[in-house]
Amino acid sequence: MTVGRTSGWVDPSWFKYVDIPGVDSEKMKYGVLKDECRDQFREAVQARREEQKLAFEKFKEDARRQGKFVRLTKAQLEHLSASYDPREMTREDYQAFIDDLIEYGVLDEADKDYISYSGLVPIDFSEPTCTITAAPYQPYVRDFWSSGGNILDWSRYLSTYEYFNSDTNRFEPTRSAVLFDRIQQVLVKMGR
């Protein structure tokens, strides 16, 4: 039974697993940290936080170096336009679309966790806990299900999220916003 992912940085033996009342215990359980493992867990979290902070800084630098604009060949754009409807995609269509964007160099394999590819949200300590958007209210959240299949509008909305970077003293796009902006650019080009 897997209910979440930690990519191996947390030892499953640090937890005792408890049934959730009213839920089939074969499908899902709570993981409760054992008292004797708190220090190990705290150390693992701190190490993971530092690792992810460096990875986020590298992501931001790579995004700056890559530039804001997405480049596709005419053949790539024709393939995407013939294969996907930006306003009507199933989860499987969306996953295939993202796989194509990875193949074309628009996204990286590691980006999947931040764009609702699998449905699981990773534990990422580099992501800001407080984000804002100036976009008008939309019925969307980061999970694919909220898109209703309209990836064009969903990605447009999610590309507007920012966080306040206290190091630079300004608002900057979140990692997900940068990635959804790339997706949005492709979808707009497909509509031409």
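Going along each chain's sequence as written, the residues are numbered from 1 onward. This being a predicted model, a pLDDT of at least 70 is required before a residue's local features are given, and a value of 80 or more before pairs of side-chain atoms are given or counted; all residues contribute to the totals for chains, interfaces and linings. The side-chain figures draw on all heavy atoms in the structure; neither hydrogens nor water molecules are used.

**Topic: the overall build of the protein**
No. 1: Helix numbers and strand numbers start at the N terminus; a helix is a DSSP run of H or I with at least 4 residues, a strand a run of E with at least 2. A tally of regular secondary structure across the protein gives five helices and four strands.
No. 2: The N-to-C order of helical and strand elements in the protein reads β-β-α-α-α-α-β-β-α.
No. 3: A contact between two residues is defined here by any heavy atoms of the two lying within 4.5 Å. Contacts spanning at least 24 positions in sequence make up 62% of the contacts within the protein whose residues lie at least 6 apart.
No. 4: Only the protein chains shown count as cover for residues, and the accessible areas themselves come from Shrake-Rupley with a 1.4 Å probe. Accessible surface for the protein amounts to roughly 11900 Å². Of this, 53% is attributable to carbon and sulfur atoms.

**Description of the packing of helix α3 (residues 91-103) against helix α5 (residues 175-190)**
No. 1: The angle between two axes is taken between their N-to-C directions and runs from 0 to 180 degrees, where each axis is a line fitted to C-alpha atoms and a helix contributes only its stretch in contact. The interhelical angle for the contact between α3 and α5, taken along N-to-C directions, is 100 degrees, at an axis separation of 12 Å. Comparing the axis directions of α3 and α5 gives the class roughly perpendicular. In this structure, α3 contributes Y94, F97, I98 and L101 to the contact, and α5 contributes F180, I183, V186, L187 and M190. By definition in this entry, angles of less than 35 degrees are roughly parallel, angles greater than 145 are roughly antiparallel, angles of 65 to 115 are roughly perpendicular, and the rest are oblique.

**Describing the environment of S118**
No. 1: Counting through the fold element by element, S118 comes out in the loop between α3 and α4 (151-158).
No. 2: Taking C-alpha positions, S118 is 8.2 Å from Q95, a pair spaced 23 residues apart along the chain.

**Some details on the packing of aromatic side chains**
No. 1: Aromatic rings from Phe, Tyr and Trp, taking only the six-membered ring of Trp, are treated as a pair when their centres fall within 6.5 Å; an angle between ring planes under 30 degrees marks them as stacked, one over 60 as edge-to-face, and anything in between as tilted. In this structure the tally under the stated criterion is 10 aromatic pairs.
No. 2: Ring geometry for F56 against Y163: centres 6.2 Å apart, planes inclined by 50 degrees, an arrangement best described as tilted. Placement of F56 in helix α1 (residues 38-66) and of Y163 in strand β3 (residues 162-165) is noted, with a sequence separation of 107 residues between them.
No. 3: Burial classes follow relative accessibility: with a 1.4 Å probe on protein chains only, a residue under 20% of its type's maximum area counts as buried, one over 50% as exposed, and anything between as partly exposed. Judged by relative accessible area, F56 falls into the buried class, the value being 5%.
No. 4: Judged by relative accessible area, Y163 falls into the buried class, the value being 8%.
No. 5: With a centroid separation of 5.5 Å and 75 degrees between ring planes, the pair formed by Y94 and W154 is classed as edge-to-face. With Y94 in helix α3 and W154 in helix α4, this pair connects stretches of sequence that are 60 residues apart. The residues Y94 and W154 share a single accessibility class, namely buried.
No. 6: Linked through ring pairs, Y94, F144, W154 and F180 together constitute an aromatic cluster.

**As for the pattern of salt bridges**
No. 1: Every case where a carboxyl oxygen of Asp or Glu lies within 4 Å of a side-chain nitrogen of Lys or Arg is listed as a salt bridge. On inspection of all chains with the given rule, the structure shows 14 salt bridges.
No. 2: The salt bridge involving D153 is made with R87; its shortest N-O contact spans 3.7 Å. Pair noted here: D153 is in helix α4 and R87 is in the loop between α2 (74-83) and α3, with a separation of 66 residues, a long-range link.
No. 3: Its relative accessible area of 22% is what places D153 among the partly exposed residues.

**Description of unusual backbone geometry**
No. 1: Its identity as a non-glycine residue notwithstanding, S116 has a phi of 60 degrees, on the positive side.
No. 2: Along the polypeptide, S116 turns up in the loop between α3 and α4.
No. 3: Even without glycine at this site, N169 takes up a positive phi of about 65 degrees.
No. 4: Relative to the helices and strands, N169 resides in the loop between β3 and β4 (170-173).

**Quick notes on the pairing of β4**
No. 1: Paired strands, in this sense, are two strands between which DSSP finds at least two bridges. Across four bridges, the pairing between β3 and β4 is antiparallel. Opposite N165, over in β4, you have R170 as the bridge partner.
No. 2: Linking β3 back to β4 in an antiparallel pair, the connection comprises four residues, with N169 at a positive phi of about 65 degrees.

**A short note on a negative patch on the surface**
No. 1: Residues enter patches when their relative accessible area tops 30% and they take part in no salt bridge; the joining distance is 9 Å for like charges and 5 Å for the nonpolar side chains Val, Leu, Ile, Met, Phe, Trp and Tyr. When charges are counted, neither His nor the chain ends are considered; positive counts come from Lys and Arg and negative counts from Asp and Glu. Working definition for charges: the position is that of NZ of Lys, CZ of Arg, CG of Asp or CD of Glu. On the surface, D85, E88, E92 and D93 cluster together into a patch of negative charge.
No. 2: Within the secondary structure, E92 is located in helix α3.

**Focus: a nonpolar patch on the surface**
No. 1: On the surface, V18, Y30 and V32 cluster together to form a nonpolar patch covering roughly 250 Å² of accessible area.
No. 2: Relative to the helices and strands, V32 is located in strand β2 (residues 29-33).
No. 3: Residue V32 is classed as partly exposed on the basis of its relative accessible area, which comes to 35%.

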